[in-house]
Amino acid sequence: MDLLPTADQEAVIASAAEFLAKEMPISATRERAGEAEAFDRASWQQAARLGWFGLGLPEEQGGVGYTAAEEALLFREIGRHLAPGPFVATVLGAHIAAAAGRDDLVEAITSGEIVVGTAQRRVGARAATGPEASGGLEVVSGDFDLIDTTGAALVAVVEPQGAVLLETAAFGIPRQLPPIDPGIRLATASVHRQPALVSVGPDLEPAFLRGSVLVAALQTGIAEAARDLAVEHAKNRVQFGRPIGVNQAVKHRCADMAVRAEAARAQLLFAALALAEDRPDAEFHAAAARTVSADAALRNTSENIQIHGGMGYTHEHDAQLYAKRARVLDQLLVSSRETLQLISSLTASAVRAEATEPAASTPSAEPSAQTPAGAAR
């Protein structure tokens, strides 16, 4: 498996970086802190024209024709630039609609006409999105946190057992909550037996796995950006006549940040390729990518604040914005704790499967009449 980007993928990265730096700078997040929506609609439409929301969809379904690998590279750049907006939910919404054969919704989402927000079940609220039938559509019930649903026409509920799209109006009038991250909008609402507009299982569209990879990509980009900010400051901040980066207490922290960012990048790319190639271990690698990238993002953003010293703690500095976004992403779709539990479960299942394999599956000698079949291993 080649983890190095191709020429086409390098072009995707360069194009995204240029657009984000110009149209969605970090300063825009501060400027829109009091607005109803965290992102600018004109910039969102431009991103749609670049094909971002249908990047991983086949051309016959109205997409660009790339794979999960290119989507991951794009979202890594979005994370590096801390761009606001429901990118994850909108891309997942396009995939969900495509898997359900709703070409009208695919066109509306990929064109930027429809924005998709996220509805995530509240911690402790387990009256789940059950497979109850209501006119052939899944029924959704429960208490939800709503992320970036202001102005969104649709809301995506993405869970391991499947994914659905609902009209935002199904949640009534949500109660607005103050988010720690000025780059998102947060609310809470409850629904009871609301029929989904679109419903697909993981066999048709692995939305939960795709979402895990996309969130991991955002986290990886944040970890890399925090590393770069810290290294740049360590080179330029002079104390007692020399840069602070010459001190081991600083340079070793920067080196650890680089190692964490590189580990997150490598695991992210492997997970994206595993998903694109429909490998049987894609679920494990997606969960591993979430775990490694979450650790890198959280620890790197914290170290970045420390290396910046007193200015790193101020509201005026961007270091705190990266730290807050890392905290939000750590809980998006699934928490780190739940991801670790999933990894443990998958590992235990693999060990049990290996332990129960028949002896004939190994290249050992045939068992004798006196030897139990299981002892041939």
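Refer to the structure printed above.
These numbers come from a predicted model, not from an experiment. Residue positions are counted from 1 within each chain, in the order its sequence is given. Two thresholds apply to this predicted model, a pLDDT of at least 70 for residue-level local features and 80 or more for giving and counting side-chain atom pairs, whereas whole-chain, interface and lining totals are computed over all residues. In computing side-chain properties, one takes all heavy atoms of the structure into account and sets aside hydrogens as well as water.

**Some remarks on helix H4 (residues 68-80)**
Counted only if it meets this: What counts as a helix is a DSSP run of H or I of at least four residues, what counts as a strand is a run of E of at least two, and both are numbered from the N terminus. In this analysis, the expected span of each helix is defined as 1.5 Å times one less than the number of residues it contains. Using a 1.4 Å probe on the protein chains alone, a residue whose accessible area is under 20% of its type maximum counts as buried, one over 50% counts as exposed, and one in between counts as partly exposed. In this analysis, two residues are considered to be in contact whenever any of their non-hydrogen atoms come within 4.5 Å of each other.
For H4, with 13 residues, the first-to-last C-alpha span of 18 Å sits near the 18 Å given by 1.5 Å per residue. Most of H4 sits inside the fold, with 12 of its 13 residues counted as buried. On the buried face of H4, the contacting elements are helix H1 (7-23), helix H5 (87-99), helix H7 (207-236), helix H8 (248-276) and helix H10 (319-329). Downstream of H4 by one or two residues, Leu 82 has phi in the positive range, about 55°.

**What to know about the pairing of strand S1 (residues 116-121)**
So the rule is basically this: We treat two strands as partners when DSSP finds at least two bridges between them.
Most of S1 sits inside the fold, with six of its six residues counted as buried. Covered by surrounding structure in S1 are Val 116, Thr 118 and Gln 120 together with Gly 117, Ala 119 and Arg 121, the residues of both alternating faces. With three bridges joining them, S1 and strand S4 (residues 154-159) adopt parallel strand pairing. When the bridges of S4 are listed, Val 116 appears paired with Leu 154.

**As for the side chain of Thr 168**
For the record, the criterion: Pairs of N or O atoms within 3.5 Å make up the polar contacts considered here, provided that, within protein, one atom can donate a hydrogen while the other can accept it, and that residues adjacent in sequence are counted only when both atoms are side-chain atoms.
Position of Thr 168 relative to the elements: it lies in the loop between strand S5 (162-167) and strand S6 (175-177). Reaching out from Thr 168, the side chain makes a polar contact with the backbone oxygen of Ala 152 at a distance of 2.6 Å.

**A look at empty space enclosed by the protein**
How we decide: A cavity, in this analysis, means grid points on a 1 Å lattice covering only the protein atoms where a 1.4 Å probe fits yet has no way out; a pocket is instead an open set bounded by protein on both sides within 12 Å along at least five of seven lines, and a residue lines either one if it has an atom within 4 Å of a point. Grid points are joined across faces, edges and corners, and a volume is the space filled by probe spheres set on the points. When residues are grouped by polarity, Ala, Val, Leu, Ile, Met, Phe, Trp, Tyr, Cys and Pro land in nonpolar, Asp, Glu, Lys and Arg in charged, and all others, Gly among them, in polar.
In this structure the tally under the stated criterion is two cavities of 30 Å³ or more. One number sums up the size of the largest cavity: a volume of about 250 Å³. Gly 85, Asp 148, Leu 218, Leu 329 and Leu 332 are the residues nearest the centre of the largest cavity, which is lined by 21 residues in total. Elements that contribute at least two residues to the lining of the largest cavity include exactly H4, H5, H7 and H10. Across the lining of the largest cavity, the residue classes tally to 15 nonpolar, four polar and two charged. Of the voids in this model, the second largest cavity is the one considered here, and its volume is about 40 Å³. Considering the residues around the second largest cavity, the lining is formed by Phe 208, Leu 209, Ser 212, Glu 283, Ala 286, Ala 287, Arg 290, Val 334, Thr 339 and Leu 342.

**Some words on unusual backbone geometry**
Backbone geometry at Asp 278 places phi at a positive 55°, although glycine is not the residue there. The backbone of Leu 333 shows a phi angle near 70°, a positive value even though the residue is not glycine. Overall, the relative accessible area of 13% leaves Leu 333 in the buried class.

**What about helix H6 (residues 103-110)?**
Because the α-helix completes a turn every 3.6 residues, residues three or four places apart line up on one side. Of all the residues in H6, the buried ones are Leu 105, Val 106, Ala 108, Ile 109 and Thr 110. Buried residues in H6 make contact with helix H3 (41-49), H5, S1, S4 and strand S8 (198-200).

**Things to note about the packing of H7 against H10**
A pair of packed helices is characterised by two quantities: the angle between their axes and the separation of those axes. Test applied: Helix axes are fitted only over the stretch in contact, all axes being lines through C-alpha atoms; the angle between N-to-C directions runs from 0 to 180 degrees. Relative orientations are named as follows: roughly parallel for angles under 35 degrees, roughly antiparallel for angles over 145 degrees, roughly perpendicular for angles from 65 to 115 degrees, and oblique for any other angle. In a left-handed crossing the near helix is turned counterclockwise from the far helix by less than a right angle, and in a right-handed crossing that turn is clockwise.
Contact geometry of H7 with H10 gives a least axis separation of 10 Å together with a crossing angle of 160°. The orientation of H7 relative to H10 falls into the category roughly antiparallel. Of the two possible hands of crossing, H7 and H10 adopt the one that is left-handed. For the pair H7 and H10, contact is made by Val 215, Leu 218, Gln 219, Ile 222, Ala 225 and Leu 229 and by Tyr 322, Arg 325, Ala 326 and Leu 329, respectively.

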